[in-house]
Amino acid sequence: MAVAKTDAINVLNTDTAKLYTHIHPILVLSAYYFNFSSIVADPVSSLIKFLIPLNVLQIAYVVICLPATGTAQPPPVLKSSGMKPAVQKKSPKGKSVSLASRITPALLSLTLSLALGTPLLGTILILFGAPLTTHIHHTILCAAHISLLSALPLIYTHGIDTDKWRRIAALMIPLDEVFGAAVGTCIGAWIGAVPIPLDWDREWQKWPITIVTGAYVGWAVGKVVGGLLVKGKVIDLRP
Amino acid sequence: MGTRWRTRNIMLAIANVLVPVAALIFATGFFPYKPFVPGLAAYHVLEYGEPPIPQFDKVIFMVVDALRSDFVYSHSSGFRFTQSLIRSGQALPFTAHATSPTITMPRVKAITTGSIPSFLDVILNFAESDTTSTLANQDTWLAQIKNKRDGNGKLVMYGDDTWLKLFPNTFERSDGTSSFFVSDFTEVDNNVTRHVPHELRADDWDALILHYLGLDHIGHKAGPLSPNMVPKQQEMDGIVHEIYEAMNTFSHLNSTLLVLCGDHGMNEGGNHGGSAPGETSPALVFISPKLKTISSGKESPTLARRDYDYYEKIEQSDIAPTLAGLLGFPVPLNNLGVFIQDFLSLWNDSTDQGQLLLRNALQILDIVKATLPNEQYNGLTSKADCDDDSSPGAELACMWQEIDRDLKTGGLAGPQNEVTLRLLFKFCRRAQDIMSSTASNYDLSRLMAGIVVAILSLILTGLAARNHSVLTNLDGAFFLLNILLYGIMMFASSYVEEEQHFWYWVMGGWLFYISVRKAQKELSVSPPFSFEGDSAPEFLILLALHRITQRWNQTGQKLAGAPDIVHSFWKQYPMLLWCFVALTYFQAMTRIGNHVSHYLKAGTLVGSACAVALCVPAFIFKLAFTASDAPELLVPLMGEGGVALFQGLPLVSTARMIFFLIASEIVWACASRFYIKTERIAKRDLITILHTLLTLFLLTQTRATNIPLFVIFQNQEFILTALALTPTQISVSTLLLGYTSFFAFGNSNAISSIDLSNAYNGVSGYNVLAVGVLLFASNWAGPIYWSEMEHLVVPTKVEQLHEDESPFFSHIALLTLFVTVSLVAVMVACTALRTHLFIWTVFSPKYLYTMAWSIGFHLLVTVGMGGALWLVCGGSENYGFS
Ligand SMILES: [Zn+2]
């Protein structure tokens with residue numbers, strides 16, 4: 001890993017944003033936890049139903065906490081700088097952006113992540129071994145959940161610039177809580193495939209419950225790790 | 001080369017030498033050779049006088065291969081007549097538990113000797129010519145019957161030639177059928193049935209053995225639900241009917257016992273070898289009008305209590321002592337079976353009943369004494385309960401002391417008889433359990449020695465590869481993580497059964513990883529908005545090809561029999577299959593043509609001639625083989641007539657010709673490198689020629705339905721080459737692709753998935769070596785193909801390597817590291833879980849596969865063949881070191 005030249009996404013400089021960004025994963029995970037038994041019992045309808053609270057929470061998260069694409073971020077302040085606390089407190093940036101101007105890109109990101117992200121991620125899931133001839137609804141819903149978790153905040157913060165997305169696909173943007181969460185979602189979904197072959201014959205081993213669960217857990221872990229521990233670093237796999 | 005590297009080379013060489021040493025030491029402790037008592041059993045002299053008179057004088061032993069219990073007993077069975085006999089009490093039905101490995105030869109051994117064959121019989125089953133596997137010198141009910149009437153007993157045998165191999169010079173008359181092509185559902189059985197009428201009329205034999213293979217073939221071909229299954233059951237039922245009628249009509253058959261049984265069952269996919277309930281539950285029916293006296297009939301058809309358990313469940317080995325009692329001969333010496341209780345009431349005298357069982361128990365006691373000589377069997381220490389004894393030997397000794405006391409006080413006669421019978425049964429059953437259980441058979445010190453040697457080999461490999469550039473980068477980290485996970489996985493029985501998922505899963509991650517690496521490299525040098533460095537399409541194509549290979553053959557236990565490309569798609573679109581097969585051969589032909597005309601500089605004419613001479617017969621061979629092996633794939637292409645025409649072609653000589661032509665071209669190519677000074681062939685060209693010829697050989701060893709996989713492999717190889725892999729990446733890719741292709745071919749860690757169909761190409765007799773090599777090549781065709789990638793793909797990042805370091809050393813070091821870790825993991829798993837329920841069903845087969853991977857594949861192919869290629873190609877020179 002190396003320190004990036006480009007900037008990592010910072011959470012908006014408001015108290016609400018700083019608070020909610022930590023509450024958000026707890027809310028999402030507990031919502032998922034309480035719906036888990038119904039998802040196991042009836043994956044398709046429960047996963048459809050659960051899309052609504054997930055949508056609401058994710059929209060709330062990006063609107064409250066994240067800078068929309070194109071809106072200027074406060075310049076990153078070096079931690080060594082003595083000016084930092086003062087600048088941060090007085091920065092009016094967070095409040096200057098109106099709520100409406102943030103809701104529109106949020107809804108746009110939602111539409112794009114559902115309309116573009118879901119089929120794309122569904123295809124990738126199938127290429128990674130998801131069933132093709134059966135369980136197609138399950139796979140699409142799994143893709144929708146992964147897309148809402150990972151792609152929605154990415155689209156909201158990075159827009160739809162092709163070159164930017166090529167760098168995202170090549171993991172070449174700096175880690176932050178948005179990108180970390182996206183990477184975590186994908187790794188979590190991949191690791192979620194591990195318990196499927198075990199002969200425990202449990203209901204939750206059925207497609208795609210472990211994948212979705214892995215994605216949620218990976219998303220939360222990635223968000224925390226990306227936002228706090230390795231923020232600003234770049235996953236450099238170059239030889 | 002510096003001394004440091006020389007030391008490392010030597011360490012790696014020693015590590016590789018230790019691999020087979022460790023594997024074999026462990027194997028001798030894990031699969032101990034069970035010594036058998038030679039000679040024929042004679043009756044013990046007992047105070048109760050002569051043995052009880054027999055109830056039958058002749059036996060017709062009718063084996064229907066893979067006759068699972070439900071095929072006879074269930075509501076959907078075709079055995080209507082047999083079921084009517086069960087209802088009327090003239091037939092006694094059982095489910096005879098068959099132990100793993102559920103393949104014919106060890107099962108016939110268990111049925112005839114009453115012993116439980118060791119796992120080594122699996123290996124011997126494939127090396128059938130081995131004389132140690134014959135039962136000519138062992139005590140069986142066949143030998144006992146032959147010994148009847150002062151050695152004038154006569155036996156007759158029709159059907160599966162396994163019996164002829166196991167019992168050479170035993171049969172008066174015989175006609176063996178071999179189960180070479182499983183597509184043969186009718187001929188193989190008609191060859192048996194046509195002998196039945198005249199043998200039923202003949203009165204000279206004491207035992208008539210029939211072994212029908214058709215039902216097993218239907219299972220292998222189309223599974224237990226095949227539309228051919230019930231008609232075949234009806235056909236077998238008809239034979240039971242015919243024999244039953246003869247038993248009632250002919251006076252010489254009026255004291256004859258008919259036994260109808262399966263040697264093993266089959267799983268949902270129609271295969272067998274493992275220990276799924278379906279595989280271990282064959283039917284067993286004793287039929288005679290006489291049985292009416294002891295049975296008032298049973299409900300039939302009926303439902304299974306659970307998983308194919310119909311009626312009473314007995315052990316398959318119980319057949320031998322039961323036949324001994326019913327037909328009146330001593331129980332075979334190595335028997336661990338117990339006389340079936342239901343038949344005791346055929347004897348009215350309770351002393352006779354006691355005697356039968358006592359003789360059975362005395363014979364088992366002889367084995368117990370031989371195996372556990374340190375126990376005190378005749379003492380009179382009185383004890384109320386034997387169950388709490390610490391060792392199994394002490395428990396058996398205690399039980400026998402109890403019987404001894406009982407016999408001395410009351411004997412077999414009188415009111416105490418029932419107690420004695422109960423004690424005898426209890427002793428026999430417990431002895432059967434203990435003597436056939438595995439724990440007592442392991443040689444722990446050898447298991448430990450094997451593990452220690454394997455760990456030594458692992459340490460040496462680790463030392464040879466330490467600080468090596470191939471391990472100290474991200475690729476190396478991925479590789480180490482991979483082998484760590486693999487080692488852990490070996491302890492979970494379901495992952496061993498479903499190992500393919502691990503490789504498919506890791507492969508997906510690996511493809512993503514190398515594509516992202518490539519993308520990052522390209523993106524960091526190429527300007528924005530240029531699509532030159534875009535590796536997304538390559539990645540998606542690689543992933544799609546990988547996804548197709550995953551679906552090629554459904555393998556593993558959990559979803560056995562689920563639809564896949566080979567069993568569903570090609571059945572529907574055989575024309576498309578043959579387009580791909582033709583394309584594969586056409587590609588090979590153009591390549592060979594090019595190679596010969598350009599690389600070997602023989603000119604276009606000779607080149608084309610060579611190409612046609614090699615590939616056209618190879619393609620015709622594939623058509624002819626498939627015409628016999630899977631005619632349904634060819635009928636839509638050429639009709640029944642065409643298929644019949646191809647079936648008539650001589651397979652053995654065609655295969656020999658192809659092998660000979662491939663070998664000659666290899667010799668020609670190598671000779672033109674070493675002996676022809678002028679116009680020497682370039683090293684890379686030689687490698688390419690050898691790779692094409694090897695591919696043609698592997699095509700010959702591959703089923704038609706798997707041949708299009710080679711088209712996929714070639715495309716994967718092409719794209720991977722374009723990705724400019726580093727040496728470590730090439731080694732890791734070789735490993736991953738090797739394993740994924742192994743499972744894509746339909747293999748698994750179960751014995752039942754071994755594909756024998758191509759093992760006899762060009763072999764007419766029983767040549768163990770040739771069959772072994774061909775068997776290995778046909779099952780490991782994918783890994784063998786990929787093992788050559790190391791030599792074909794030129795790594796671009798050679799600067800990564802140490803100056804003195806040869807890329808081949810790094811390659812072997814990495815793969816040896818994997819082999820030693822997997823060997824240690826499997827050995828430790830087998831040792832730690834040796835009392836586990838799954839040891840025979842999951843871990844023992846896995847150990848055999850690990851031996852095949854580490855000795856057959858790693859040593860012979862990766863190191864041996866790879867090393868030879870490396871030498872032929874002049875080592876590192878090939879890689880552009882300068
Ligand atoms: Zn079979």
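Within any chain, residue numbers begin from 1 and follow the written order of that chain's sequence. Written order decides the labels, with chains lettered from A and ligands numbered from 1. This being a predicted model, a pLDDT of at least 70 is required before a residue's local features are given, and a value of 80 or more before pairs of side-chain atoms are given or counted; all residues contribute to the totals for chains, interfaces and linings. Calculation of side-chain values draws on the structure's entire complement of heavy atoms; hydrogens and water are dropped beforehand.

- Looking at an unreviewed UniProt entry, chain B carries the name GPI ethanolamine phosphate transferase 2, with the source organism given as Tothia fuscella.
- UniProt positions are given in the numbering used here, feature names are shortened, and annotations may be inferred rather than shown by experiment. Under the UniProt heading Subcellular location (unreviewed entry), the entry covering chain B gives this text: "Endoplasmic reticulum membrane".
- UniProt annotates chain B under Sequence similarities (unreviewed entry) with the comment "Belongs to the PIGG/PIGN/PIGO family. PIGG subfamily."

- Chain A is annotated in an unreviewed UniProt entry as PIG-F-domain-containing protein from Tothia fuscella.
- Within the UniProt record for chain A, the comment given under Subcellular location (unreviewed entry) is "Endoplasmic reticulum membrane".

With respect to the overall build of chain A
Line of reasoning, step 1. When helices and strands are tallied, chain A shows nine helices and two strands.
Line of reasoning, step 2. Along the chain direction, N to C, the helices and strands of chain A fall in the order β-α-α-α-α-α-α-α-α-α-β.
Line of reasoning, step 3. Exposed residues in this analysis have more than 50% of their type's maximum accessible area, buried residues have under 20%, and partly exposed residues fall in between, with area computed by a 1.4 Å probe over protein chains only. A total of 239 residues make up chain A; the buried ones form 49% of that total.
Line of reasoning, step 4. We call two residues contacting when some pair of their heavy atoms lies within 4.5 Å. Here the contacts in chain A between residues at least 6 apart in sequence split such that 80% fall between residues at least 24 apart.
Line of reasoning, step 5. Just so you have it, chain A exposes about 11800 Å², and 71% of that area is on carbon and sulfur atoms. Secondary structure follows DSSP: runs of H or I at least 4 residues long count as helices, runs of E at least 2 residues long count as strands, and numbering of each begins at the N terminus. Here, Shrake-Rupley sampling with a 1.4 Å probe gives the accessible areas, and only protein chains in the shown set may cover a residue.

A look at the overall build of chain B
Line of reasoning, step 1. Looking only at helices and strands, chain B features 35 helices and eight strands.
Line of reasoning, step 2. With 882 residues in all, chain B has 61% of them scored as buried.
Line of reasoning, step 3. Once local pairs closer than 6 in sequence are excluded, the contacts in chain B between residues at least 24 apart make up 78%.

Digging into the interface of chain B and chain A
Size of an interface, as often reported, equals the accessible area lost when the parts are brought together.
Line of reasoning, step 1. Facing 34 residues of chain B, the contacting portion of chain A comprises 31 residues.
Line of reasoning, step 2. Here's the idea: put two parts together, see how much 1.4 Å probe accessible area each one loses, and the total over both is what we call buried area. Summing the contributions of chain B and of chain A, the shared interface buries around 2900 Å²; its carbon and sulfur component is 64%.
Line of reasoning, step 3. The leading source of residues in the side of chain B that touches chain A is helix 21 (residues 499-525) of chain B, at 14 residues.
Line of reasoning, step 4. Partitioning the side of chain B that touches chain A into residue classes produces 17 nonpolar, 10 polar and seven charged. Gly falls in the polar group here, along with every residue not listed as nonpolar (Ala, Val, Leu, Ile, Met, Phe, Trp, Tyr, Cys, Pro) or charged (Asp, Glu, Lys, Arg).

Some details on helix 35 (residues 839-872) of chain B
Line of reasoning, step 1. Two axes are fitted around each residue, one to the seven residues ending there and one to the seven starting there, and the angle between them is reported as the bend at that residue. Bending of helix 35 of chain B peaks at approximately 40° at the position of B:His858.
Line of reasoning, step 2. Of all 34 residues that make up helix 35 of chain B, 24 are buried, and the element is covered over most of its length.

Quick notes on the UniProt feature "transmembrane region" (unreviewed entry) in chain A
Residues and elements named next belong to chain A.
Line of reasoning, step 1. The UniProt record annotates "transmembrane region" (unreviewed entry) at residues 106-130, 136-156, 168-191 and 211-230.
Line of reasoning, step 2. Regarding residues 106-130, the helix share stands at 88% and the strand share at 0%, and the terminal C-alpha atoms are separated by 30 Å.
Line of reasoning, step 3. Taken end to end, residues 211-230 is 95% helix and 0% strand, and its two terminal C-alpha atoms sit 25 Å from one another.

Examining the packing of helix 11 (residues 214-222) of chain B against helix 12 (residues 229-249) of chain B
All names here are of chain B.
Line of reasoning, step 1. One can describe the packing of helix 11 onto helix 12 by two numbers: an axis separation of 10 Å at closest approach and a directional angle of 170°. Between helix 11 and helix 12, the interaxial angle falls into the category roughly antiparallel. Residues Gly 214, Leu 215, Ile 218 and Gly 219 of helix 11 form the contact with helix 12, whose participating residues are Met 229, Lys 232 and Gln 233.
Line of reasoning, step 2. The class makeup of the residues in the contact of helix 11 with helix 12 is three nonpolar, three polar and one charged. Axis lines are fitted through C-alpha atoms, for helices just across the contact stretch, and the angle between N-to-C directions can take any value from 0 to 180 degrees. Angle categories are assigned with fixed cut-offs, so that under 35 degrees is roughly parallel, over 145 is roughly antiparallel, 65 to 115 is roughly perpendicular, and the rest are oblique.

Description of the packing of aromatic side chains
Line of reasoning, step 1. Each Phe, Tyr or Trp ring, with Trp reduced to its six-membered ring, pairs with another whose centre is within 6.5 Å; inter-plane angles below 30 degrees give stacked pairs, above 60 give edge-to-face pairs, and intermediate values give tilted ones. Counting across every chain of the model gives 58 aromatic pairs over all chains.
Line of reasoning, step 2. Geometrically, the ring pair formed by A:Phe50 and A:Tyr216 is tilted, given 6.0 Å between the ring centres and 50° between the ring planes. A residue pair is termed long-range when its members are at least 10 positions apart, and A:Phe50 in helix 2 (residues 43-65) and A:Tyr216 in helix 9 (residues 209-229) qualify at 166 residues.
Line of reasoning, step 3. A centroid spacing of 5.7 Å and a plane angle of 75° characterise the contact between B:Phe710 and B:Tyr785, whose relative ring orientation is edge-to-face. On the criterion of sequence distance, the pair formed by B:Phe710 in helix 29 (residues 708-722) and B:Tyr785 in helix 32 (residues 781-787) is long-range, its members being 75 residues apart. Summarising the burial analysis for this pair, B:Phe710 and B:Tyr785 share the class buried.
Line of reasoning, step 4. An aromatic cluster is present here, built from B:Tyr486, B:Phe502, B:Trp503, B:Tyr739, B:Phe742, B:Phe743, B:Phe776, B:Trp780, B:Phe818, B:Tyr849, B:Trp853 and B:Phe857 joined pairwise through their rings.
Line of reasoning, step 5. Note on criteria: charge over ring means Lys NZ or Arg CZ within 6 Å of the ring centre, with the direction from the centre no more than 35 degrees off the ring normal. Directly above the ring of B:Trp205 sits B:Lys58, whose terminal nitrogen or CZ lies 5.3 Å from the centroid.

Some thoughts on the coordination of the zinc ion
Residues and elements named next belong to chain B.
Line of reasoning, step 1. Taken together, Asp 216 (OD), Asp 216 (OD), His 220 (NE2) and His 272 (NE2) make up the full set of protein donors to the zinc ion, lying 1.9 to 2.4 Å away.
Line of reasoning, step 2. Taken together, the four donor atoms surrounding the zinc ion define angles of 56 to 151° at the centre, an arrangement classified as irregular.
Line of reasoning, step 3. The exposure class assigned to Asp 216 is buried, which follows from its relative accessible area of 5%.
Line of reasoning, step 4. Given a relative accessible area of 28%, His 220 falls into the partly exposed group. Here a donor is an N, O or S atom found within 2.8 Å of the metal, or within 3.2 Å if the metal is Na, K or Ca; sites may look incomplete because water is not among the atoms. A site with four donors is called tetrahedral when every donor-metal-donor angle falls between 85 and 135 degrees; four donors are called square planar, and six octahedral, when opposite donors sit more than 155 degrees apart and all other angles fall between 65 and 115; any other arrangement is irregular.

A short note on empty space enclosed by the protein
Residues and elements named next belong to chain B.
Line of reasoning, step 1. Any residue with an atom within 4 Å of a point lines the site, the site being either a cavity, points on a 1 Å grid over the protein atoms alone where a 1.4 Å probe fits but cannot get out, or a pocket, an open set with protein on both sides within 12 Å along at least 5 of 7 lines. Grid points are joined across faces, edges and corners, and a volume is the space filled by probe spheres set on the points. According to the stated counting rule, one finds 12 cavities of 30 Å³ or more in the structure shown.
Line of reasoning, step 2. Considering only enclosed or pocket space, the largest cavity measures out at about 140 Å³ in volume.
Line of reasoning, step 3. What lines the largest cavity is a set of 13 residues, among which Leu 735, Tyr 739, Leu 815, Phe 857 and Thr 862 lie closest to the centre.
Line of reasoning, step 4. Of all the secondary-structure elements, those providing two or more residues to the lining of the largest cavity are helix 30 (727-744), helix 34 (807-832) and helix 35.
Line of reasoning, step 5. The element best represented in the lining of the largest cavity is helix 35, accounting for five residues.

Digging into the nonpolar core
Residue and element names in this part refer to chain B.
Line of reasoning, step 1. Among the nonpolar cores identified, the biggest contains 216 residues, and Phe 30, Phe 479, Trp 503, Leu 696, Ile 784 and Tyr 847 are the most heavily contacted of them.
Line of reasoning, step 2. If you tally residues by element for this core, the top one is helix 34, at 17 residues.
Line of reasoning, step 3. The source of the domain bounds is an automatic or database domain assignment. Both of domain 1 (1-32 + 441-542 + 726-750 + 769-882) and domain 4 (563-707) provide at least three residues apiece to this core.
Line of reasoning, step 4. Discounting residues that sit within four places of it in the chain, Tyr 847 has contacts with Ala 22, Ala 23, Phe 26, Ala 27, Phe 30, Phe 31, Val 826, Met 827 and Cys 830.
Line of reasoning, step 5. Take the buried residues of types Ala, Val, Leu, Ile, Met, Phe, Trp, Tyr and Cys, join any two whose side-chain atoms come within 4.5 Å, and each joined set is a nonpolar core. Among the nonpolar cores identified, the runner-up in size contains 71 residues, and Val 63, Ala 96, Leu 166 and Val 331 belong to it.

Topic: the sheet that holds strand 6 (residues 256-261) of chain B
Residues and elements named next belong to chain B.
Line of reasoning, step 1. The pairing criterion for strands is at least two bridges between them, as found by DSSP. Strands sit in the order 4-3-5-1-6-7-2-8 across an open sheet of eight strands; the sheet is mixed. The open sheet terminates on both sides in strands that have one partner only, identified here as strand 4 (173-177) and strand 8 (312-315). Adjacent strand axes in the sheet meet at a mean angle of 20°, parallel and antiparallel pairs treated alike.
Line of reasoning, step 2. Inspection of the sheet shows strand 6 paired to strand 7 (residues 283-287) by four bridges, in the antiparallel sense. Its bridge partner lying in strand 7, Val 259 is registered against Phe 286.

Things to note about the pattern of salt bridges
Line of reasoning, step 1. We define a salt bridge as a side-chain nitrogen of Lys or Arg found within 4 Å of a carboxyl oxygen belonging to Asp or Glu. Counting across every chain of the model gives 20 salt bridges over all chains.
Line of reasoning, step 2. Notably, a salt bridge pairs A:Lys206 with A:Glu203, separated by 2.9 Å at the nearest N-O pair.
Line of reasoning, step 3. Between B:Asp70 and B:Arg68 there is a salt bridge, with its nearest N and O atoms 2.7 Å apart.

Some remarks on the environment of B:Trp205
Residue and element names in this part refer to chain B.
Line of reasoning, step 1. On the secondary structure map, Trp 205 appears in the loop between helix 10 (196-201) and strand 5 (207-212).
Line of reasoning, step 2. Residue classification places Trp 205 among the buried residues on the basis of a relative accessible area of 0%.
Line of reasoning, step 3. Taking the C-alpha atoms as reference points, Trp 205 and Val 59, separated by 146 residues in sequence, lie 9.2 Å from one another.
Line of reasoning, step 4. With near-sequence residues (within four places) excluded, Trp 205 lies in contact with Lys 58, Val 59, Ile 60, Lys 154, Val 156, Arg 173, Glu 199 and Leu 253.

A look at unusual backbone geometry
Most peptide bonds take the trans configuration, and most residues that are not glycine carry a negative phi.
Line of reasoning, step 1. Omega for the bond connecting A:Trp207 with A:Pro208 falls within 30 degrees of zero, at 0°, which places this linkage in the cis form.
Line of reasoning, step 2. Structurally, A:Pro208 is set in the loop between helix 8 (177-191) and helix 9.
Line of reasoning, step 3. Going from B:Ser300 to B:Pro301, the amide bond is cis rather than trans, its omega being -5°.
Line of reasoning, step 4. Position of B:Pro301 among the secondary structure elements: in the loop between strand 7 and strand 8.
Line of reasoning, step 5. A positive phi angle is found at B:Tyr308, which is not glycine, with a value near 65°.
Line of reasoning, step 6. Here B:Tyr308 falls in the buried class, since its relative accessible area comes to 16%.
Line of reasoning, step 7. Residues other than glycine seldom take positive phi values, yet B:Tyr311 does so here, at roughly 55°.
Line of reasoning, step 8. Here B:Tyr311 lies in the loop between strand 7 and strand 8.
Line of reasoning, step 9. Taking the relative accessible area as the measure of exposure, B:Tyr311 reaches 14% and is therefore buried.

With respect to the packing of helix 21 of chain B against helix 30 of chain B
Residue and element names in this part refer to chain B.
Line of reasoning, step 1. Contact pair helix 21 / helix 30: the axes reach a minimum separation of 9 Å and the direction vectors enclose 145°. Judged by the twist between their axes, the crossing of helix 21 over helix 30 is left-handed. Judged by residue contacts, Glu 499, Gln 500, Trp 503, Tyr 504, Val 506, Met 507, Trp 510, Ile 514 and Arg 517 of helix 21 engage Gln 729, Val 732, Ser 733, Leu 735, Leu 736, Leu 737, Tyr 739, Thr 740, Phe 743 and Ala 744 from helix 30. It is the rotation of the near helix from the far one that decides the hand of a crossing: anticlockwise by less than a right angle makes it left-handed, clockwise makes it right-handed.

Section: the state of the cysteines
Line of reasoning, step 1. Counting rule for disulfides: a pair of cysteine sulfur atoms within 2.5 Å. Scanning the model with the defined rule gives zero disulfides over all chains in all.
Line of reasoning, step 2. Left without a disulfide partner, B:Cys615 is nearest to the cysteine sulfur of B:Cys610, which lies 10 Å away.

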